[in-house]
Number of protein chains: 2
Amino acid sequence: MSAPVRPGHTVPADDRAFVAAVDAALAAFLRGEVENLAAISPDGRHLVDAIASLSRGGKRMRATLCYWGHAAVDTPATVDIVQAGVALELFQTAALIHDDIIDRSDTRRSMPSVHRRFEALHAEHGWALDGTHFGTSAAVLTGDLCLSFSEQVFGSLGAAAASGTRARLVFDQMRMQVLTGQYLDVLEEVAGPSREPAEAVARARTISSYKSARYSVERPLVLGAALAGAEADLIDALSATGLPLGEAFQLRDDVLGVFGDPALTGKPAGDDLREGKRTVLIGFALQQAPADEAAWLSAQLGRPDLDSATIERLRTILIDSGALRRTEQLIEDLHRRAVTAIGLLPAPVPVRAALTELAGRAVSRQA
Amino acid sequence: MSAPVRPGHTVPADDRAFVAAVDAALAAFLRGEVENLAAISPDGRHLVDAIASLSRGGKRMRATLCYWGHAAVDTPATVDIVQAGVALELFQTAALIHDDIIDRSDTRRSMPSVHRRFEALHAEHGWALDGTHFGTSAAVLTGDLCLSFSEQVFGSLGAAAASGTRARLVFDQMRMQVLTGQYLDVLEEVAGPSREPAEAVARARTISSYKSARYSVERPLVLGAALAGAEADLIDALSATGLPLGEAFQLRDDVLGVFGDPALTGKPAGDDLREGKRTVLIGFALQQAPADEAAWLSAQLGRPDLDSATIERLRTILIDSGALRRTEQLIEDLHRRAVTAIGLLPAPVPVRAALTELAGRAVSRQA
């Protein structure tokens, strides 16, 4: 069922060399920027140091998808795909810095989140006034700087990413879509309780589609292809692959956020419940649980003081209402759709193998 | 003493038509983006509505300086200078949204600041959980979206702003410099009390130079010229004009932040003292006041509960120590340097007239 690929079109079997090149290029870019900021003041480097430290821990999923999207194109246009990966990873770093302020997260990638890092700097030096507010302020600015860096690197791609190209449009849309999706997510936390429960799954799927499926999977894949000068057919085929794959990936995240093993996920048990995330999993429970249980569940979400007994009761509702089963079924459906779309992709074997592997992880990963 | 200008090089006598065109183009751009976000969800428009509302009130100082920088070039390259103005104003709107989170400002341009606007939306609908945190989260995301918009519009300038051009470099530097300057500013609020008082003025001038003089005046002026394809001589001459002019402008702001008439500035009396801004004016007092008064002054800065009697005592120290007089002298010196530089500008009369007028306002404005 696979579409034809030109026999001479070969790509490396894996992305390890690419990931290593992204790591090196990202580090080199940030070393240059440390110089620029330190030239203003020795303290200027605090900002770039925070970015460098956080960005080192990334798995480079978005960069890698951009690489495979690029590799899917038979005769790719000349573009520095490593720099495209760096631009995506810098954007992701910026998003994480601001996300951790929004989610009040203390840690990220097993280190203090950036606002906590600056708060610790404040405490360490015994500085004056409110260290927590200093931490938030510094993290807002660090995230903004990192957004600028992302754009700076993306702009350096030249003609392939110039104004009016498909790649530029994809990049601009990606930013707009993820920021809108994140807003809808925080809005749902506060507005969800008073909105129509029958629509809870539909609302959660919109959020998941924009803040995750498109941003983390579909747009990076399409961006790589667009930078390589792909035809519309291939772009559409990659999009049809990335959307179900990305949604399955996020739904797995949602399940792990409630049922995951803290020893494997690195996050406290039931973390998503304390944050009040109204995911697809929660949406199914709100729609399917008995009314009194649904109301009780809704009232617990977002309470930072949820104890383990309450988390256990919430889990029981998610299981007994069939919400967990429905979510797992949806993951399987989406996985099947992704695998079918991968089969139809007119792309070399390593590209399809990498996407198949990623789709498999959406179903089976535990962290 | 003025440098030669080609006789045929004429420009409009004022910038009113340009400002009207920027207002219209900015509104049109945001109308288009409302559609894009509303297509994701009707709630998506909250973000663009907040940007549109805030951006309507701007004086367009940065756009206007970009216009005059462009007009200084004898045979300008083809570029849509109105769109360049829109990009600058969108960046400024984003900076204000995040700045108001950092400074905990309730109002901006006589309206609620963006985080307060979202907090009010939360209260109005009686939504769940913490409305203040929702306001901050939504404002972080709105500022990020506005940063992306700024870049999107700047990118649309095409070849004149493409990667590797001087204009692109100026724009990238501008963002990096203002974000670093803002960080040094919040750092000085907390670290200043424990740092060498003898260096307080030097530190304050670095902050003022990067977060204000360059960002608000020098970079926009140079950007306009760079977009028009200016030679290095003209760029240098505009830079030599913009730096003293911009610093004088900021020092006047600092004086008004402590001694301004609330009826004219629209800000509460002594607002900068409550925020704990360690400006050049404060720096002179820390260096020149008797040690006990300087220590007392330092300890009051940043206390949100400063009463009017304490503010009056702080003002007296600023006057008696000679700090106000030194700051006014510095404004005059900088004004003189700016006027001399304007005289040497090889630019048409309206350009020099506009810059002379702006320099005059740095000395004499009351709001």
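Analysis parameters
- Residues numbered from 1 in each chain as written.
- Chains lettered and ligands numbered in written order.
- Predicted model: local features only at pLDDT ≥ 70, side-chain atom pairs only at ≥ 80, totals over all residues.
- Heavy atoms only, no water.
- UniProt positions renumbered as here; feature names shortened; annotations may be inferred.
- Contact = heavy atoms within 4.5 Å.
- Salt bridge = Lys/Arg side-chain N within 4 Å of Asp/Glu carboxyl O.
- Polar contact = N/O pair within 3.5 Å; in protein donor to acceptor, adjacent residues only side chain to side chain.
- Helix = DSSP H or I, 4+ residues; strand = E, 2+ residues; numbered from the N terminus.
- Core = buried A, V, L, I, M, F, W, Y, C linked by side-chain atoms within 4.5 Å.
- Buried < 20%, exposed > 50% of the residue type's maximum accessible area, 1.4 Å probe, protein only.
- Domains from an automatic or database assignment.
- Axes fitted to C-alpha atoms, helices over the stretch in contact; angles between N-to-C directions.
- Left-handed = near helix turned anticlockwise from the far one by under 90°.
- Nonpolar A, V, L, I, M, F, W, Y, C, P; charged D, E, K, R; others polar.

Under an unreviewed UniProt entry, the name given to chain A is Polyprenyl synthetase, and the organism recorded is Tersicoccus phoenicis. Its UniProt record, at the heading Cofactor (unreviewed entry), says of chain A: "Mg(2+)". Database annotation for chain A, UniProt heading Sequence similarities (unreviewed entry): "Belongs to the FPP/GGPP synthase family."

Moving on to the interface of chain B and chain A. Of the residues lining the interface, 57 residues belong to chain B; the matching set on chain A comes to 57 residues. Here chain B and chain A share four salt bridges between them. Notably, a salt bridge pairs Asp43(A) with Arg195(B), separated by 2.7 Å at the nearest N-O pair. Summed over the shared surface of chain B and chain A, the number is 12 residue pairs in polar contact (both at pLDDT 80 or more). Counting residues per element, the ones that place at least two in the side of chain B that touches chain A are helix H1 (16–40), helix H2 (45–56), helix H4 (81–102), helix H5 (114–125), helix H6 (131–155), helix H7 (166–191) and helix H8 (200–227) of chain B.

To continue, consider the nonpolar core. Leu90(A), Tyr183(A), Leu227(A), Leu90(B), Tyr183(B) and Leu227(B) are the most contacted members of the largest nonpolar core, which has 256 residues in total. Looking at which domains feed residues into this core, each of domain 1 (12–56 + 80–156) and domain 2 (163–367) of chain B gives three or more. Setting aside its immediate chain neighbours within four residues, Tyr183(A) contacts Asp43(B), His46(B), Leu47(B), Phe118(B), Leu121(B), Phe134(B), Ala138(B) and Leu141(B).

With that settled, the discussion passes to the packing of helix H3 (residues 61–71) of chain A against helix H16 (residues 349–364) of chain A. All names here are of chain A. Close contact between H3 and H16 brings their axes to 9 Å; oriented N to C, the two are set at 145°. Regarding H3 and H16, the two cross each other, and that crossing is left-handed. Contacts from Met61, Leu65, Trp68 and Ala71 in H3 reach Pro350, Val351, Ala354, Leu355 and Leu358 in H16. Grouping the constituent residues of the contact of H3 with H16 by class yields nine nonpolar, no polar and no charged.

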